[in-house]
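Notes for the structure review
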Amino acid sequence: MSRLASVRHLLESEDAEAIIFSSLADIRWLTGFSGSHALLIVTRDAGTLITDGRYELQARNESTETSVRIASGDPFEFVLAEEIVPTEGTLLFQGDHLTASKFEYLRSSCEAEIRLLDGVLQRARARKSETEIDLIRRAQRISESVLDEILGILRPGIRELEVAAEIIARHLKKGAAKMAFEPIVATGPNSAMPHARPGNRVLEVGDVVLLDFGCVWEGYACDMTRTVVVGTEPDGFSSVYTVVLDAQQRALDAARAGIRADELDGIARKAITEAGFGDRFPHGLGHGVGLEVHEWPRVSSRSTDRLPAGAVITVEPGVYIQDSFGVRIEDLIVLEPGGYANLTSAPRNLITL
């Protein structure tokens, strides 16, 4: 069954005439179109991709299962003016990808009933095909080769921003389309901030360096984190590193399709709590990765979702000691019925440079 055909089953179950997709990631997953401006309308018997003149040729080449219409102005206004969607019955929109002002416009301008849905494709997109897994693996291999090179340039006197610039440049030179997110390069006490932004701090002897980055290959992202030390490690660092590594390994040992997200998170969190650092692990254990670097499922204590087979998720426990250092170790895995496959091959042992 094609992905568009599966959407038509949704229309039947919702007793709706059409669904309008505004999430670019969902549109790419359904049609292959990789442009930055589009709507996708799926009715009971047709699919129509709306974009602008910049992408006309690209859309016709990439989106072979749909017709393509070119809008010169606002695509929502174009869809209603051209009557591309039925004027009666129920129309479905992506509530989690629609602004309040756009919703008000649709409700006041459209005669059909407007119904909002959230997370329309999140479960379908989470179950990665072998092709998708291979693309994520390819992105991961690029990032791992960059990591090897970056470890070779970490030295006292280099600034965080310089390291971040090298990370970006080396990814692009190796063929990555772009970074999956702004790289995190956090040195010394900055590493105690889970999402520190690289700045002008100069790397010093004895600094912890937390590196978190990933790239995109043919639309699919990867994500990894490693924490290293330059010179003599600070007091307590190796014991904290051991705690984080143990927590990650316990979670990996339990990871499998069907496990609840909060259960998997809880396994790592329990190990960190038992070691006395429970209040120093302020984020969830992980998240889904695919066309977006953060997508469903969310692996945290606040999610009771069961994790499906084929989902690619991160496993990234961390401990952060304010004004001192932080440790995070992140691997990318594919969930399988009896366990998992690790897409990350970079070593997890403590590295001192």
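Summarised in this report is the structure supplied together with it.

Bringing the packing of helix 9 (residues 237–254) against helix 10 (residues 261–274) into the picture now. Helix 10 packs onto helix 9 with a crossing angle of 155 degrees between their chain directions and a minimal axis gap of 8 Å. Here helix 10 runs roughly antiparallel to helix 9, going by the angle between their axes. With respect to the hand of their crossing, helix 9 and helix 10 are arranged in right-handed fashion. Along its contact with helix 9, which presents Val 243, Asp 246, Ala 247, Arg 250, Ala 251 and Ala 254, the element helix 10 presents Leu 264, Ile 267, Ala 268, Ala 271, Ile 272 and Glu 274. Its residues assigned to classes, the contact of helix 9 with helix 10 shows nine nonpolar, no polar and three charged.

Residues lying three or four places apart along an α-helix face the same way, a consequence of the helix completing one turn every 3.6 residues. Judged by how many residues are buried, helix 2 (residues 24–31) sits mostly within the fold: six of eight residues are covered. By the burial criterion, the buried members of helix 2 are Ala 25, Asp 26, Ile 27, Trp 29, Leu 30 and Thr 31. Positive backbone phi, approximately 90 degrees, marks Gly 32, located one or two places after helix 2.

If you walk across this open sheet you meet the four strands as 8-9-12-20, and the pairing is mixed. Bordering the open sheet on either side are strand 8 (184–187) and strand 20 (351–352), each of which pairs with just one other strand. In the sheet, strand 8 pairs with strand 9 (residues 207–213) via four bridges, with the strands oriented antiparallel. If you follow Ile 184 over to strand 9, its bridge partner there is Asp 212. Lying on the sheet, helix 8 (residues 160–173) is in contact with strand 8 and strand 9; it crosses strand 8 at an angle near 150 degrees.

Its boundaries defined by the atoms lining it, the largest pocket holds a volume of some 410 Å³. Around the largest pocket, the lining is made up of 22 residues, and of these His 195, His 283, His 287, His 294 and Glu 316 lie nearest the centre. If you list the elements that add at least two residues to the lining of the largest pocket, you get strand 13 (286–288) and strand 14 (295–299). Residues that form the lining of the largest pocket fall into these classes: seven nonpolar, seven polar and eight charged.

This part is about the environment of Val 163. When you line up the elements, Val 163 lands in helix 8. Remark: the alpha-carbon pair of Val 163 and Arg 60, spanning 103 residues in sequence, is separated by 40 Å. Not counting chain neighbours up to four residues away, the residues in contact with Val 163 comprise Ile 150, Leu 154, Ile 158, Val 185 and Leu 211.

Now for the sheet that holds strand 10 (residues 215–217). Spatially, three strands are ordered 7-10-11 in an open sheet, and the strand pairing comes out antiparallel. Sheet topology places strand 7 (178–179) and strand 11 (220–221) at the edges, where each strand pairs with a single neighbour. Direction of pairing for strand 10 relative to strand 11: antiparallel, over a ladder of two bridges. Pairing of Trp 217 across the sheet is with Tyr 220, part of strand 11.

What follows is about the nonpolar core. Counting 43 residues, the largest nonpolar core has Ile 19, Phe 21, Leu 30, Leu 40 and Val 312 as the members making the most contacts within it. Of all the elements in the fold, those that place two or more residues in this core are helix 1 (3–14), strand 1 (18–21), helix 2, strand 2 (39–43), helix 7 (130–151), strand 10, strand 11 and strand 18 (331–336). Among the elements that line this core, the one with the most residues is helix 7, at five residues. By size, the runner-up hydrophobic cluster in this structure holds 33 residues, among which are Ile 259, Leu 285, Ile 313 and Ile 333.

The rules behind each value
All residue numbers refer to position in the chain's written sequence, counted from 1. The predicted origin of the model limits local features to residues at a pLDDT of at least 70 and limits the giving and counting of side-chain atom pairs to 80 or more, whereas totals for whole chains, interfaces and linings rest on all residues. Side-chain calculation: all heavy atoms of the structure are included, whereas hydrogens and water are not. Lines fitted to C-alpha atoms define the axes here, with helix axes fitted over just the stretch in contact, and angles between the N-to-C directions of these axes take values from 0 to 180 degrees. A run of H or I in DSSP becomes a helix once it reaches four residues, and a run of E becomes a strand once it reaches two; helices and strands are each numbered from the N terminus. If an angle is under 35 degrees, it is roughly parallel; if it is over 145, roughly antiparallel; if it lies from 65 to 115, roughly perpendicular; otherwise it is oblique. By convention the crossing between two helices is left-handed if the near helix lies anticlockwise of the far one by an angle smaller than a right angle, and right-handed if it lies clockwise. Only heavy atoms matter for contacts: two residues are in contact if any of them lie within 4.5 Å across the pair. Basically, the charged four are Asp, Glu, Lys and Arg, the nonpolar ten are Ala, Val, Leu, Ile, Met, Phe, Trp, Tyr, Cys and Pro, and anything else, Gly included, counts as polar. Note on classification: 1.4 Å probe, protein chains only; a residue is buried when its accessible area is under 20% of the maximum for its type, exposed when over 50%, partly exposed between these limits. Pairing between two strands is assigned when DSSP locates at least 2 bridges connecting them. The definitions used throughout rest on a 1 Å grid laid over the protein atoms alone, on which a cavity is an enclosed set of points accommodating a 1.4 Å probe that cannot get out and a pocket is an open set flanked by protein within 12 Å on both sides along at least five of seven lines; lining residues are those having an atom within 4 Å of a point. Grid points are joined across faces, edges and corners, and a volume is the space filled by probe spheres set on the points. Buried Ala, Val, Leu, Ile, Met, Phe, Trp, Tyr and Cys residues that are joined via side-chain atoms within 4.5 Å together make up what is termed a nonpolar core.

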